[in-house]
Amino acid sequence: MAVDPRTPVIIGVGQFLNRVDDGAEPLEPTRLMTEALRAAEADAGVPGVAARAQVVGVVPVVSWRYRDPGRLVAAELGATGPATWYPSMGGNTPQMLVNRLAAEISAGRVDLGVVVGGEAYRSRVAAKRAERPLDWTKQGADAVPDWHEGDDFVLGHPAEAARGILLPTQAYPLFENALRHASGRTLDEHLAVIGGMWAGFSRVAAANPFAWRRDSYTAEEITTPTAENRMVGFPYTKRMVSNPDVDMAAGCIVCSVEQARALGVARDRWVFPLAGTDGKDRIMSERPGFTGSPAIGVAGNRALALAGVGIDDVAHLDVYSCFPSAVQLPAGQLGIDPGRQLTVYGGGRLPRRARQTPPPPP
């Protein structure tokens, strides 16, 4: 069957770990992103292909304040005049950027673009503790992305702030305790369930060379508070929450089928996005309850419907989030069997042994 030449296809993906904990030189987030896209070029088998990008979409950065990081990434890639996209903060942004880029390619407005994200939080925190200034790029007010959603990220409701509920480590435990109550489980029973789920994530991470931590833990080692596994927000211990103390990046290169052919990208490197959606829930205090996610229910099931498949037809799942409750919510909304393997990456926990040679300093 002939393929529409405007069909979007992912031709290369790349990841980069900057092992500053093993002596690598700290690099700012945009440098990490560039290295990830260089790895994506190698995956595509076309050196320098990212320089052809007509769009550079960047996932919002937490570890450094940029106004238009896509412009910096484009300059390092040697891309001439691409449009830059920099949406507001949100867990939906990586998929949303891929969706938007695929739609632009399908419509014939873009031939090739990249989506990338990166953080250097470990280096940022280390520099702050040592009172050592960082010479990372500071952009002026004239640095403005070509596209931004226009909405500022709202962390929470004023009523939440008034009660000291300001951080994810304070909010997500509320969802977890609501889920436990709704399940009818005792505390010990519930901890066994979510500990087992997180143990499954850690086993996958242990085998993933691009995980920052590659430790495999039992359910009991994850849920039991100790001196090395302190309580963060009941019922979450340190091993039950995400690890932001990393310097890493990931990116992908997306183009049209006709562009992939013209570039000579091998067919076994082509990955077709079947469908993509994204949605946003209301802030916590405006939701009807803490045991569901209407946005995931609508967006997730719509993506399956657009692809013409059911959840049981999907061979590989990555239902990742920073906390166990935010994995249980989509699993429930999408009807995922809780006994299934829920991740292919391990949730970003990773390797002390996977060393990367950093590029020369800027």
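Look up a bit, the structure's there.
What this report covers is the structure whose coordinates are included nearby. (Residues numbered from 1 in each chain as written. Predicted model: local features only at pLDDT ≥ 70, side-chain atom pairs only at ≥ 80, totals over all residues. Heavy atoms only, no water.)

## What about a nonpolar patch on the surface?
On the surface, V62, M89 and Y121 cluster together to form a nonpolar patch covering roughly 250 Å² of accessible area. Tracing the backbone through its elements, the reader meets Y121 in helix α4 (residues 121-129). Look at Y121 and you get partly exposed, because its relative accessible area is 33%. (Patch = residues over 30% accessible without salt bridge, like charges linked within 9 Å, V, L, I, M, F, W, Y side chains within 5 Å. Areas by Shrake-Rupley, 256 points an atom, 1.4 Å probe, with all protein chains shown as cover. Salt bridge = Lys/Arg side-chain N within 4 Å of Asp/Glu carboxyl O. Helix = DSSP H or I, 4+ residues; strand = E, 2+ residues; numbered from the N terminus. Buried < 20%, exposed > 50% of the residue type's maximum accessible area, 1.4 Å probe, protein only.)

## Some remarks on the pattern of salt bridges
If charged atoms from side chains of opposite charge come close, those side chains can pair. On inspection of all chains with the given rule, the structure shows 14 salt bridges. Between D43 and R269 there is a salt bridge, and its shortest N-O distance comes to 2.4 Å. One end of the pair, D43, is in helix α1 (residues 29-44); the other, R269, is in the loop between α9 (257-263) and α10 (294-307), with 226 residues separating them in the sequence. R269 gets classed as partly exposed once you look at its relative accessible area, which sits at 31%. Residue E149 pairs with K280 through a salt bridge whose shortest N-O separation is 3.0 Å. Taken together, the residues E149 in the loop between α4 and α5 (158-162) and K280 in the loop between α9 and α10 connect sequence positions 131 residues apart. For E149, a relative accessible area of 25% corresponds to the partly exposed category. Looking at K280, the relative accessible area reads 48%, which means it is partly exposed.

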